[in-house]
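# Descriptive analysis of the structure
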Amino acid sequence: MNQIDFSLNIAHLYPDLLNIYGDFGNILTFKNRCLWRGIDVNVVEIKAGHRINPDEFDFYFIGGGQDQEQKMASEELLKNKERLKKAAESDAVMLAVCGGYQLLGHYYQPMDDKKLEGISLLDSYTVAGKKRLIGNIFGKCSYIKDNTVVGFENHSGLTYLSGDTKPLLKVIKGYGNNGKDKSEGARYKNVFGTYLHGPVLPKNPIFCDYLISLALKRKYKCEIPLAELNDFIEEKTHDACIKIAGK
Ligand code: GLN
């Protein structure tokens, strides 16, 4: 096959509003794991007022944030609801973390404030609990090779999934979506949500490569094998996080 110049367009949604616990590191990881393989990457920061073109992007990322910033992000996301829904239904790859994850569902009900409307890409809803769910967490993902995914969670929101929206992980250690049903995160088509901060992708290179592969397959309409990378440090970090979470 002739050498194709592969490229991916990334939309970083509201980085000035939702970007806590180093969630920006997810963009850096996705971008670098592409560039290290000769896949060109263009990152566009989507700020307030930006009208998203659903045909422009291959991967969307939105990070976490506190209730106040979530309120502003909710208003902005709603302005792009139909366009983001079109992207999701066309199998665009999305990763949403914590506060951003909550807003991809139907709503997030903070403890002492009015309900924040979500954009319903995920069939889920979130209500704030009295206790913050904080700590190291890991779980098993059925479609990730070696299938553990590790991270750090800090949320008061309790998320519940329905319909075709299925968990990302089965919790082994930690709280997950609601501390009760052993689910963590969510997936609908290629839309992924998770409570895992850290950021999540550097410590889970296989998960990151899974997202890259999905984005390439959607854009180029065929499986694109990814060159192996030296993930010695990433794997050591991943294993150390499992040990810490298991204590
Ligand atoms: N404000 C939300 C909660 O506490 C999300 C927090 C976050 O993004 N870490 O559940």
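Structure shown above.
### Structural notes on helix α2 (residues 67-79)
Between its first and last C-alpha, α2 extends 19 Å over 13 residues, near the 18 Å set by a 1.5 Å rise per residue. Among all positions of α2, only Q70, A73, S74, E76 and L77 are buried. Packing partners of the buried residues in α2 comprise β1 (7-13), β3 (59-62), α3 (81-89), α4 (99-103), β5 (107-109) and β6 (116-117).

### What to know about the site of the ligand
Taken together, 15 residues lie near the ligand, and G65, D67, Q70, C98 and G157 sit nearest. Measuring from a nitrogen atom of the ligand, one finds a side-chain N or O atom of Q70 at 2.8 Å. A distance of 3.1 Å is found between an oxygen atom of the ligand and a backbone nitrogen or oxygen belonging to S156. Within the complex, the protein chains bury 100% of what would otherwise be the 300 Å² of accessible surface of the ligand. Counting only elements with at least two residues in the shell around the ligand, the list comes to α2, α4 and β8 (148-161). Considering every element that reaches the shell around the ligand, the biggest residue donor is β8, with four residues. Its residues placed into classes, the shell around the ligand shows three nonpolar, ten polar and two charged.

### Things to note about helix α6 (residues 205-220)
Three- or four-residue spacings in an α-helix give side chains the same orientation, since the helix completes a turn every 3.6 residues. For α6, spanning 16 residues, the distance from its first C-alpha to its last is 22 Å, which sits close to the expected 22 Å at 1.5 Å a residue. Taken residue by residue, α6 has P205, F207, C208, D209, L211, I212, L214, A215, L216 and R218 as its buried positions.

### Brief notes about the packing of α2 against α3
Running from N to C, α2 and α3 cross one another at 70°; their axes reach a closest spacing of 4 Å. The pairing of α2 with α3 is recorded here as roughly perpendicular in orientation. Between α2 and α3, the contacting residues are L77, L78 and K79 on the first element and K81, R83 and L84 on the second. Residue classes in the contact of α2 with α3 are distributed as three nonpolar, no polar and three charged.

### Some words on the packing of aromatic side chains
Two descriptors summarise a pair of aromatic rings, namely the distance from one centre to the other and the angle between the planes of the rings. Enumeration over the complete set of coordinates arrives at eleven aromatic pairs. Through pairs of rings, three or more aromatic residues link up here, namely Y143, F192, F207 and Y210. One Lys or Arg, K115, reaches over the ring of Y107 and ends 4.0 Å from the middle of that ring. If you follow R187 out to its NZ or CZ, it ends over the ring of Y143, 4.7 Å from the centre.

The rules we used
Residues numbered from 1 in each chain as written. Predicted model: local features only at pLDDT ≥ 70, side-chain atom pairs only at ≥ 80, totals over all residues. Heavy atoms only, no water. Helix = DSSP H or I, 4+ residues; strand = E, 2+ residues; numbered from the N terminus. Expected span 1.5 Å × (residues − 1). Buried < 20%, exposed > 50% of the residue type's maximum accessible area, 1.4 Å probe, protein only. Contact = heavy atoms within 4.5 Å. Near = heavy atom within 4 Å. Polar contact = N/O pair within 3.5 Å; in protein donor to acceptor, adjacent residues only side chain to side chain. Areas by Shrake-Rupley, 256 points an atom, 1.4 Å probe, with all protein chains shown as cover. Nonpolar A, V, L, I, M, F, W, Y, C, P; charged D, E, K, R; others polar. Axes fitted to C-alpha atoms, helices over the stretch in contact; angles between N-to-C directions. Parallel < 35°, antiparallel > 145°, perpendicular 65-115°, else oblique. Phe/Tyr/Trp six-rings, centres within 6.5 Å; stacked < 30°, edge-to-face > 60°. Lys NZ or Arg CZ within 6 Å of the ring centre and 35° of its normal.

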